[in-house]
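Observations on the model geometry
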Amino acid sequence: MELVPYATTILRFDEGVRYVATGWPFVQVQVLEGVMVLLRPLVREGGGELWVMLQDGRQYRFYMEVNKEAKVARTYVFVGRTWR
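So, here is what we can say about the structure in this document. (Residues numbered from 1 in each chain as written. Predicted model: local features only at pLDDT ≥ 70, side-chain atom pairs only at ≥ 80, totals over all residues. Heavy atoms only, no water.)

**A look at the overall build of the protein chain**
Just so we agree on the cut-off: Note on conventions: DSSP H or I runs of at least 4 residues are helices, E runs of at least 2 residues are strands, and numbering of each starts at the N terminus. Remark: exposure states derive from per-residue accessible area (1.4 Å probe, protein chains only) relative to the maximum for the residue type, with buried under 20%, exposed over 50%, and partly exposed in between. Note on contacts: a residue pair is in contact if any heavy atoms of the two residues lie within 4.5 Å. In this tally Asp and Glu are treated as negative and Lys and Arg as positive; neither His nor the chain ends contributes. Every charge is mapped to an atom, namely NZ of Lys, CZ of Arg, CG of Asp or CD of Glu.
In terms of regular secondary structure, the protein chain is built from zero helices and nine strands. Each helix and strand of the protein chain, placed in order from N terminus to C terminus, yields the pattern β-β-β-β-β-β-β-β-β. By principal-axis analysis of the C-alpha atoms, the protein chain measures approximately 35 × 25 × 20 Å. Burial statistics for the protein chain: of 84 residues in total, 36% are counted as buried. Sequence separation of at least 24 residues holds for 57% of the intrachain contacts in the protein chain that already meet a minimum separation of 6. Between the mean site of the 11 positive side-chain charges and the mean site of the 9 negative ones, the protein chain shows a separation of 2 Å.

Encoded structure:
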């Protein structure tokens, strides 16, 4: 997953988020309205992992990497087992 330096990337799920964890200390993580995870890197380069567990038991594991060339943060929408 590509992140933009100092910008907020949104992960939107169709089910409530139960648990979020990261092993990367240079990203702010926040759950909003129970279905959105907001990610904001605090550095211009680097990367780390993110784990998300939903209320229905689905689990996602992502590798996040900051792309210092990117200018616009993305929104990822997860419906069922697919994402767009």
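**A short note on unusual backbone geometry**
Of note, the phi angle at Y6 is positive, near 60 degrees, even though the residue is not glycine. Mapped onto the secondary structure, Y6 falls in the loop between β1 (2–3) and β2 (9–13). Of note, E33 is a non-glycine position whose phi angle comes to about 55 degrees, a positive value. The exposure class assigned to E33 is exposed, which follows from its relative accessible area of 64%.

**What about the environment of Q30?**
Mapped onto the elements of the fold, Q30 is located in strand β4 (residues 27–32). In this structure the C-alpha to C-alpha distance between Q30 and V20, which are 10 residues apart in sequence, comes to 8.6 Å. With sequence-adjacent residues up to four places away left out, Q30 is seen in contact with M36, V37 and L38.

**Details of the nonpolar core**
Note the threshold: Among buried residues, those of type Ala, Val, Leu, Ile, Met, Phe, Trp, Tyr and Cys that are joined through side-chain atoms within 4.5 Å constitute a nonpolar core.
Membership of the largest hydrophobic core comes to 18 residues, with the highest contact counts inside it found for L11, F13, L39 and V52. Elements represented by at least two residues in this core include exactly β2, β5 (36–41), β6 (46–54), β7 (59–66) and β8 (75–79). Among the elements that line this core, the one with the most residues is β7, at four residues. Ignoring any residue separated from it by four or fewer positions in sequence, one finds L39 in contact with M1, L3, A7, T8, T9, L11, V27, Q28, V29, L50 and M64.

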